[in-house]
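# Residue-level structure breakdown
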Amino acid sequence: MPNQTSRRDVLRGSLALAGLSALGIPEWALPALAQGETLVPFTDIPDNVRWETPPDQRRLDVRTIDGPFTPKDKFATTQHYGHPVVDPATFRLKVTGMIERPKSLSLDELKKMGSTDLVAGFECSGNRGPLQGLCGNGRWTGVPLKAVLDSAGVKAAAREFVFFGADHGEEEIEWRTNKFKLDQQFGRSLNREQALSGQPFLAWALNGDPLTRHQGSPLRLIVPGWYGVANVKWLAQVHIQEEAYLGKFQARWYRTLRGEMIDGEMKWKESAVTHMQLKSFIARVSKDGSRYKVLGVVLNDGTPLKSVEVKVDDGPWQAATLDPATNGKYSWKLFTYGWNGATPGEHTLVSRVTDATGKVQPTEQDLETKKSFLEHNSQAPRKVMIA
């Protein structure tokens, strides 16, 4: 990796500024590198990092963030059963189970229910330092899930809303000493209150363009404020039932194991991966003459923020400035910090965010009883070299 990256390199692949202006976002608010500004290299990036990743396993190079929205060809993608090809012309969303009127809806029929935009950012629950690249922020176009469910007439006894993707694969299921090979679809669920809250969203476009295959074309679920696993891609069916859904990716695969002291005794608890935990990280450090600027990202569940701070080496916490272009409830929040008095040599920089309830982003030590790597939201120190 070269030590310095030009403004032209960073801007490559970004959304057109004209498109952002149409959304009422001032160009001055964007965190793109200024003319003559260069990146200061991080010294903690592993040597074996692959920056050019395939579209079905894409990782965002957070150093290249240049605006509120992540372009479709940079937005992170992950997979469990591959990325299926679904023809939008023949696509049907099935709505089945405990409803009065079962549905089989084409994309055009969904669009006739109304079209609105939702700005939402999210990360994979496995996203962590130093790269932090399994994340993105987008302007999604679609219809609230509640509109579809209301049209189907949800029965009073319904409690669990299961979302199946078109992606599937063979799994070996073990139950005690028995093993079974089954072909399973990817599935996640929400309870009644969550599904009917008006927040979950059925999206068919990202940043004004139809979803790509790798972003879940032709339709995906967005649960704003939740980790990426909840945002089921290639959404094929919504099935409403009374009993809890215990599919692999709901009940077993996406769990967090942590210890908690209760009455003087350590108790080990498993919790579901749902709402995003409060988190910030430093995306890049740049230089313009003798001035240095830090750009960072905040991801959380939509709770309003109180402050974001940056610390250099063993110095005091200093206030950072939130970017006004990313103030939507569920948007990622970009922040900047002017680093004055940088001296030659290696330095450690770290950020922390505090929300309006007083919750502070934890340190690594605060999470020492968490045994699984999912939901890793600790303060993440970055190292840079000043020439």
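Numbering of residues starts from 1 in every chain and runs along the sequence as written. Predicted model: local features are reported for residues with pLDDT of at least 70 only, side-chain atom pairs are reported and counted for 80 or more only, and whole-chain, interface and lining totals are derived from all residues. To obtain the side-chain values, all non-hydrogen atoms of the structure were included, while hydrogens and water were left out.

## With respect to the overall build of the protein
Each helix and strand counted, the protein has six helices and 21 strands in total. Here the globule rule is a power law, 2.2 Å times the number of residues to the power 0.38, and the radius of gyration is based on C-alpha atoms. Computed over its C-alpha atoms, the radius of gyration of the protein comes to 22 Å, within 12% of the 21 Å expected for a compact globule of 387 residues. Principal-axis analysis of the C-alpha atoms gives the protein an extent of 65 × 60 × 40 Å. Looking at the 387 residues of the protein, the share that counts as buried comes to 48%. The criterion used for residue contact is that any of the two residues' heavy atoms lie within 4.5 Å. Within the protein, contacts between residues separated by at least 24 positions form 70% of all contacts whose residues are at least 6 apart in sequence. Charge-centre separation for the protein: the mean point of 49 positive side chains lies 2 Å from the mean point of 44 negative side chains. In DSSP terms, a helix is any run of H or I states spanning at least four residues, a strand is any run of E spanning at least two, and both are numbered starting from the N terminus. The rule is simple: take the accessible area with a 1.4 Å probe, protein chains only, and divide by the maximum for that residue type; under 20% is buried, over 50% is exposed, in between is partly exposed. When charges are tallied, Lys and Arg are placed among the positive residues and Asp and Glu among the negative ones, while His and the ends of the chain are skipped. Positions of charges follow a simple convention, taking NZ of Lys, CZ of Arg, CG of Asp or CD of Glu.

## Here's the deal with a negative patch on the surface
Each patch groups residues whose relative accessible area exceeds 30% and which form no salt bridge, using 9 Å between like charges and 5 Å between nonpolar side chains of Val, Leu, Ile, Met, Phe, Trp and Tyr. For the area figures, the Shrake-Rupley method with a 1.4 Å probe applies, and any residue is considered shielded solely by the protein chains shown. By salt bridge we mean one thing: a side-chain nitrogen of Lys or Arg within 4 Å of a carboxyl oxygen of Asp or Glu. A grouping of E170, E172, E174 and D183 is seen on the molecular surface, where their side chains present a negatively charged patch. Broken down by element, the negative patch gets its largest block of residues, three residues, from strand β6 (residues 160-175). Of note, E170 is situated in strand β6.

## Let's talk about the confidence of the model for the protein
Caution is warranted with low-pLDDT regions, since their predicted coordinates should not be read in detail. Confidence of the predictor in every single residue is expressed as pLDDT, which spans 0 to 100. Averaged over every residue, the pLDDT of the protein is 90; the share at 70 or more is 92%. Counted against residues more than four places away or in other chains, residues 1-30, with its pLDDT under 50, gives 55 contacts.

## Some details on the layout of surface pockets
Put simply, the second largest pocket is a space of about 290 Å³. Only protein atoms enter the 1 Å grid used here, on which a cavity is any set of points holding a 1.4 Å probe that cannot leave and a pocket is any open set flanked by protein within 12 Å on both sides along at least five of seven lines; residues with an atom within 4 Å of a point are listed as lining. In this structure, the second largest pocket is lined by 16 residues; those nearest its centre are Q57, R59, T77, T78 and L134. Classification convention: Asp, Glu, Lys, Arg as charged; Ala, Val, Leu, Ile, Met, Phe, Trp, Tyr, Cys, Pro as nonpolar; all other residues, Gly among them, as polar. For the lining of the second largest pocket, the class distribution of residues is three nonpolar, nine polar and four charged. Grid points are joined across faces, edges and corners, and a volume is the space filled by probe spheres set on the points.

## Let's talk about helix α4 (residues 145-152)
For α4, every residue scored as buried is listed here: L145, V148, L149 and A152. Relative to the axis of α4, the buried residues are bounded by an arc of 95 degrees and lie together on one face. Following α4 by one or two positions, G153 has its phi on the positive side, about 75 degrees. Directions from the helix axis toward the C-beta atoms define the arc.

## Details of the pattern of salt bridges
Tallying each qualifying case throughout the model produces 12 salt bridges. When the shortest N-O distance is used, the salt bridge between R139 and D117 registers 3.2 Å. Of this pair, R139 sits in strand β5 (residues 135-144) while D117 sits in strand β4 (residues 116-123), and the two are 22 residues apart along the sequence. Using a relative accessible area of 42% as the deciding quantity, one classes D117 as partly exposed. Salt-bridge contacts for E123 lead to K279; the nearest nitrogen and oxygen are separated by 2.8 Å. With E123 in strand β4 and K279 in strand β14 (residues 279-288), this pair connects stretches of sequence that are 156 residues apart. The class of E123 is buried, set by a relative accessible area of 2%.

## Things to note about the state of the cysteines
Here, two cysteine sulfur atoms that lie within 2.5 Å of each other are counted as a disulfide. Within this structure, the stated rule accounts for zero disulfides. Sulfur of C124: no disulfide; nearest cysteine sulfur belongs to C135 and is 10 Å away. A relative accessible area of 1% means that C135 is categorised as buried.

## What to know about empty space enclosed by the protein
Using the criterion set out here, one finds five cavities of 30 Å³ or more in the structure. Lining the largest cavity we find 25 residues, and of these T78, R220, G228, V229 and K233 sit closest to its centre. Classifying every residue of the lining of the largest cavity by side-chain character gives 11 nonpolar, 10 polar and four charged.

## Remarks on the sheet that holds strand β15 (residues 291-299)
Note: two strands are recorded as paired if DSSP finds a minimum of 2 bridges between them. The antiparallel open sheet is built from five strands, whose spatial order is β1-β14-β15-β19-β18. Each having just a single partner strand, β1 (38-39) and β18 (321-322) make up the two edges of the open sheet.

## Observations regarding the side chain of E37
Take E37: it is sitting in the loop between α2 (17-22) and β1. Comment: no salt bridge for buried E37; closest opposite-charge side chain is K293, at 4.1 Å. At 2.4 Å, the side chain of E37 and the side chain of S286 are in polar contact. Each polar contact in these results corresponds to two N or O atoms within 3.5 Å; when the atoms are within protein, one needs to be able to donate a hydrogen and the other to accept it, and residues that are neighboring in sequence are counted only if both atoms are side-chain atoms.

## Focus on unusual backbone geometry
Residue P130 is reached from G129 by a cis peptide bond, and omega for that bond is 0 degrees. Considering the arrangement of structural elements, one finds P130 in the loop between β4 and β5. Even without glycine at this site, Q132 takes up a positive phi of about 55 degrees. Mapping Q132 onto the fold places it in the loop between β4 and β5. Its identity as a non-glycine residue notwithstanding, N207 has a phi of 55 degrees, on the positive side. Positionally, N207 belongs in the loop between β8 (201-206) and β9 (209-210).

## Describing the pairing of strand β7 (residues 178-191)
Judged from the 13 bridges that link them, β6 and β7 form a sheet pairing that is antiparallel. Along β7, the bridge assignment pairs F163 with R188. Hairpin connection of β6 to β7: two residues between the antiparallel strands, including R176 at a positive phi of 55 degrees.

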